[in-house]
Amino acid sequence: MKTTGLKGILMILTMVILGCKQEREQPVKELYVWKPLTVKASAYNSVPEQTSPNPHITAFGDSIHPGQQFIAVSRDLLKGELKYNTLVKIEGLEGIYIVKDKMHSRWKNHIDVYMGLDIEAAKQWGRRTVDVLYAVEKEDSEQE
């Protein structure tokens, strides 16, 4: 009797794990349409001299830590294409970044790439114009 119960539990756990795995492995490209945008870009670090007295809290109130792929965006882009939590691919950088911070209102059409505490990496990135792709959720009719 105990063997049957254990086998049943193992079978249920296996189904749950496989179901979750399949859900997680659904490619991002199937859920989103990636739209192009050209922006000015710079980089920043979570140090008080560049941000605020509490450099690990974004303007949205999120906690950030070195190693995370986040960006800050100018407020004009927040009102348009790059809203809070938008996924963004940045030319010249690997991976997908997430909009988690906003910049001072003086900046226009600008992103600021978060580079943790690596000030040298931020300096090397410098200021440049880059092409980005940002994710927009597909409508139900677009998903196949």
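This is a predicted model, so every value here is computed, not measured.

> What am I meant to see in the overall build of the protein chain here?
Check the secondary structure of the protein chain and you find 4 helices and 6 strands. For the protein chain, the succession of helices and strands along the chain, N to C, is α-α-β-β-α-β-β-β-α-β. Within the protein chain, buried positions represent 31% of all 144 residues. The contacts in the protein chain between residues at least 6 apart in sequence include a share of 75% that link residues at least 24 apart.

> Even after reading the chapter, I still don't get the sheet that holds strand 3 (residues 87-90), so can you show me in this structure?
Backbone-to-backbone hydrogen bonds join strands into a sheet, with any given pair of strands oriented parallel or antiparallel. The sheet built from 6 strands closes into a barrel, its strands ordered 1-5-2-4-3-6 with mixed pairing. Each strand of the sheet is rotated relative to its neighbour by a mean of 50°, with strand direction disregarded. For strand 3 and strand 4 (residues 97-102), the ladder comprises 2 bridges, and the chain directions are antiparallel. Bridge pairing links Val88 to Tyr97 in strand 4.

> How should the side chain of His110 be read in this particular structure?
Of note, His110 is situated in strand 5 (residues 110-114). When its relative accessible area of 4% is taken as the criterion, His110 is described as buried. Every residue in contact with His110, bar those within four places of it in the chain, is listed here: Lys40, Ala41, Ser42, Ala72, Val73, Ser74, Leu77, Met103 and Arg127.

> How should the packing of aromatic side chains be read in this particular structure?
Each aromatic ring pair is described using two quantities: the centre-to-centre distance and the angle formed by the ring planes. In total, this model carries 3 aromatic pairs according to the counting rule given. Judged by centre distance (5.5 Å) and plane angle (55°), the rings of Tyr44 and Tyr114 are tilted. With a gap of 70 residues between them, Tyr44 in strand 1 (residues 32-44) and Tyr114 in strand 5 connect regions that are remote in the sequence. Across this residue pair, the class does not change: Tyr44 and Tyr114 are buried. Positioned above the aromatic ring of Trp34 is the side chain of Lys89, whose terminal nitrogen or guanidinium carbon lies 4.3 Å from the ring centre. Just above the ring of Trp125 sits the side chain of Arg128; from NZ or CZ to the centre is 3.7 Å.

> What exactly am I supposed to notice about the confidence of the model for the protein chain here?
The predicted coordinates should not be examined in detail at positions where pLDDT is low. Chain-level statistics for the protein chain give a pLDDT mean of 84 and a share of 76% at 70 or above. Looking across the protein chain, the model is least confident in helix 1 (residues 2-24), with a mean pLDDT of 57, and most confident in strand 3, with 97.

> What should I look at first to understand the nonpolar core in this one?
Nonpolar side chains tend to gather and get buried jointly when the protein is soluble and globular. Core analysis: the largest hydrophobic core is formed by 21 residues, its most contacted members being Ile71, Leu82, Ile90, Ile111 and Val113. The leading source of residues in this core is strand 1, at 4 residues. Residues Tyr44, Ile64, Met103 and Tyr114 belong to the second largest nonpolar core, which totals 6 residues.

> Teacher, can you tell me more about the pairing of strand 1 here?
If a strand is regular, its side chains alternate between the two faces of the sheet. Sheet topology note: the strand 1/strand 6 (residues 128-137) ladder contains 10 bridges and is antiparallel. Directly across from Trp34, in strand 6, lies its bridge partner Ala135.

> Looking at this structure, how should I read the side chain of Asp101?
Within the element layout of this structure, Asp101 appears in strand 4. Summary of buried charges: Asp101 has no salt-bridge partner, and the nearest side chain of opposite charge, Arg75, is 7.3 Å away. A distance of 3.1 Å separates polar atoms of two side chains, one belonging to Asp101 and the other to Tyr44.

Reading guide: rules and limits
Residues numbered from 1 in each chain as written. Predicted model: local features only at pLDDT ≥ 70, side-chain atom pairs only at ≥ 80, totals over all residues. Heavy atoms only, no water. Helix = DSSP H or I, 4+ residues; strand = E, 2+ residues; numbered from the N terminus. Buried < 20%, exposed > 50% of the residue type's maximum accessible area, 1.4 Å probe, protein only. Contact = heavy atoms within 4.5 Å. Pairing = 2+ DSSP bridges. Axes fitted to C-alpha atoms, helices over the stretch in contact; angles between N-to-C directions. Phe/Tyr/Trp six-rings, centres within 6.5 Å; stacked < 30°, edge-to-face > 60°. Lys NZ or Arg CZ within 6 Å of the ring centre and 35° of its normal. pLDDT = per-residue confidence, 0-100. Core = buried A, V, L, I, M, F, W, Y, C linked by side-chain atoms within 4.5 Å. Lys, Arg positive; Asp, Glu negative; His and termini not counted. Salt bridge = Lys/Arg side-chain N within 4 Å of Asp/Glu carboxyl O. Polar contact = N/O pair within 3.5 Å; in protein donor to acceptor, adjacent residues only side chain to side chain.

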